[in-house]
Amino acid sequence: MSEGPKVDVVIPCYRYGELLPSSVRSVLAQDGVDVRVLIIDDASGDGSADVARSLAAADARVSVEVHAENRGHIRTFNEGVIDWASAPYTLLISADDELAPGALQRATTLLEDNPGVGFAYGNSQMWEPEDDGRPALRTGRWRPIVYSGHTWLRRRCASATNPVYSPSVVVRTALQQQVGGYDARMLHTSDLEMWLRMSLYADVGFVAGVDQSITRVHEKNMSSAYLESDQGLDDLRMRLLAFDAVLDRGATLLPDVDRLRQRMRRALSRDALMRLDRAADKNIPLGDTADALAEFARTTCSRSIHSPEGRALRRRHNLGPRLAAVVRPPVVAAARRKLRQETRDRVQLHRGV
């Protein structure tokens, strides 16, 4: 058994039996920590439970819980992180994701050195196995970055995005118990809501300079339906639900909660308008989705019509698509969007926000 900080690792599994061994091995191979693993099979019914049992039989650090009936991911998450976890630190990782070598040692070092930090996260390499070979992970020297919880939350409200890769997140178990389990209303954004909620009560750590995990991208990802259908309208709605819930909770903790809510809503509204603008530039017919995105933007923040995205749509409406394309060529608009996204990606890679 490895010596070092104790980490309880929860691995929910629903029909990921073929991927489960890689995920479990990535956890058991971690150096410098003392890990204990609970695999929770949520009534997969496809042999995944047998795979889990074989992994437990091969290593005493692994135990298995098999549901007779499917309970859904939120209840399964809470069974692990609230009912089972007892070590000082907890990690919740999906059965289709993996940890990078040394990830738990780096995260727990940051947490041990900074008692005020409630959770630590890092970058994750996205992997589409059908298209690419196994990703090369950044290793070597790393540095800890610590953000005041409320400062980190304010940054999140300014962009209304989630920069946290769930398989990289190591949580202080005492904080998890303090804030409670995952919210059943957040079918798509339960992780975002949890990180925001924790930042109300604790500082946030980022492991910079290396990759902490591997996130598999495939058609069975739970997030796919929210991100890919209707130009991601359901993703926008679920992010709004998550932010509003946390800001409601933080009303007595954040003196500027009203301003933060306004900034968050403006960011989400601009995001909806950007999706409309981008689809128009690419001549993608949206049908009823266009009306739904416009309605979301209007009801979320009516003032967003004065944003750059709102002005671009008004210009297109007033001038017509052909003349508007002359005033602002689609290729120029696309280049600007790409540049903004690349800038955000660089900041997230190096600073985690």
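Above this text is the structure in question.
All values reported here derive from a predicted model rather than from experimental measurement.

Caption draft 1: Up close: the overall build of the protein. A count of helical and extended segments in the protein gives 14 helices and nine strands. Each of the 353 residues in the protein was classed as buried or not, and the buried ones make up 52%. Within the protein, counting contacts between residues at least 6 apart in sequence, those at least 24 apart form 82% of the total. Carbon and sulfur atoms provide 51% of the accessible area of the protein, an area that totals close to 16500 Å².

Caption draft 2: The side chain of Asp34, seen in detail. Turning to its location among the elements, Asp34 is positioned in strand 2 (residues 34-41). Note on Asp34: relative accessible area 10%, which makes it buried. Polar contacts involving the side chain of Asp34 include one to the side chain of Lys6, which spans 2.9 Å.

Caption draft 3: Focus on the packing of helix 5 (residues 149-159) against helix 10 (residues 257-281). At a minimum axis separation of 6 Å, helix 5 and helix 10 run at an interaxial angle of 40°. When the axes of helix 5 and helix 10 are compared, the pair comes out oblique. Taken together, the residues of helix 10 that come into contact with helix 5 (itself represented by Arg154, Cys157, Ala158 and Ser159) are Leu260, Arg263, Met264 and Ala267.

Caption draft 4: The nonpolar core, seen in detail. Counting 57 residues, the largest nonpolar core has Phe119, Tyr121, Trp152, Tyr182, Trp195, Met198 and Met264 as the members making the most contacts within it. A total of nine residues in this core trace back to one element, the largest contributor, which is helix 10. In contact with Tyr121, not counting residues within four places along its chain, are Trp152, Pro163, Val164, Ser168, Val169, Val204, Gly205, Phe206, Val207, Gly352 and Val353. Judged by nonpolar contacts, the second largest core, of 33 residues, contains Ile11, Val24, Leu91 and Leu104.

Caption draft 5: Just unusual backbone geometry, in detail. Despite not being glycine, Arg15 has its phi angle at roughly 60°, a positive value. With a relative accessible area of 40%, Arg15 lands in the partly exposed category. Its identity is not glycine, yet Ala43 carries a phi of approximately 55°, on the positive side. With respect to the helices, strands and loops of the structure, Ala43 is situated in the loop between strand 2 and helix 2 (48-58). A relative accessible area of 24% places Ala43 in the partly exposed class.

Caption draft 6: Structural detail: the pattern of salt bridges. Counting across every chain of the model gives 21 salt bridges. Residue Asp256 pairs with Arg154 through a salt bridge whose shortest N-O separation is 2.8 Å. With a gap of 102 residues between them, Asp256 in the loop between helix 9 (233-249) and helix 10 and Arg154 in helix 5 connect regions that are remote in the sequence. Overall, Asp256 belongs to the buried group, its relative accessible area being 15%. With a closest N to O distance of 2.8 Å, Arg275 and Asp271 form a salt bridge. Taken as a pair, Arg275 and Asp271 lie in helix 10 at a separation of four residues, close to a single helical turn. On the accessibility criterion, Asp271 (14% relative accessible area) is buried. Several salt bridges share partner residues, and in doing so they unite Asp235, Arg239, Asp271 and Arg275 into one network.

Caption draft 7: Highlighting the side chain of Gln30. Its location among the elements puts Gln30 in the loop between helix 1 (20-28) and strand 2. A distance of 3.5 Å separates the side chain of Gln30 from the backbone nitrogen of Gly102, its partner in a polar contact.

Caption draft 8: The packing of helix 1 against helix 2, seen in detail. Running from N to C, helix 1 and helix 2 point in directions that differ by 30°, and their axes come no closer than 10 Å. As far as their axial angle goes, helix 2 and helix 1 are roughly parallel. In the crossing of helix 1 with helix 2, the sense of the turn from one axis to the other is right-handed. On helix 2, the residues that touch Leu20, Pro21 and Val24 of helix 1 are Ser48, Val51, Ala52 and Leu55. Grouping the amino acids of the contact of helix 1 with helix 2 by side-chain chemistry returns six nonpolar, one polar and no charged.

Caption draft 9: Structural view of the packing of aromatic side chains. Scanning the model with the defined rule gives six aromatic pairs in all. The interplanar angle of 35° and the centroid separation of 5.5 Å between the aromatic rings of Phe119 and Trp195 together place this pair among those described as tilted. Taken together, the residues Phe119 in strand 6 (residues 117-127) and Trp195 in helix 7 (residues 190-199) connect sequence positions 76 residues apart. The buried category is assigned to Phe119, whose relative accessible area is 0%. Trp195 gets classed as buried once you look at its relative accessible area, which sits at 3%. Ring geometry for Tyr121 against Trp152: centres 6.3 Å apart, planes inclined by 65°, an arrangement best described as edge-to-face. With a gap of 31 residues between them, Tyr121 in strand 6 and Trp152 in helix 5 connect regions that are remote in the sequence. Ring-pair connections join several aromatic residues into one group, and the members of that group are Phe119, Tyr121, Trp152, Trp195 and Phe206. Directly above the aromatic system of Trp152 lies the positively charged group of Arg156, at a separation of 5.5 Å from the ring centroid.

The rules behind the values
Residues numbered from 1 in each chain as written. Predicted model: local features only at pLDDT ≥ 70, side-chain atom pairs only at ≥ 80, totals over all residues. Heavy atoms only, no water. Helix = DSSP H or I, 4+ residues; strand = E, 2+ residues; numbered from the N terminus. Buried < 20%, exposed > 50% of the residue type's maximum accessible area, 1.4 Å probe, protein only. Contact = heavy atoms within 4.5 Å. Areas by Shrake-Rupley, 256 points an atom, 1.4 Å probe, with all protein chains shown as cover. Polar contact = N/O pair within 3.5 Å; in protein donor to acceptor, adjacent residues only side chain to side chain. Axes fitted to C-alpha atoms, helices over the stretch in contact; angles between N-to-C directions. Parallel < 35°, antiparallel > 145°, perpendicular 65-115°, else oblique. Core = buried A, V, L, I, M, F, W, Y, C linked by side-chain atoms within 4.5 Å. Salt bridge = Lys/Arg side-chain N within 4 Å of Asp/Glu carboxyl O. Left-handed = near helix turned anticlockwise from the far one by under 90°. Nonpolar A, V, L, I, M, F, W, Y, C, P; charged D, E, K, R; others polar. Phe/Tyr/Trp six-rings, centres within 6.5 Å; stacked < 30°, edge-to-face > 60°. Lys NZ or Arg CZ within 6 Å of the ring centre and 35° of its normal.

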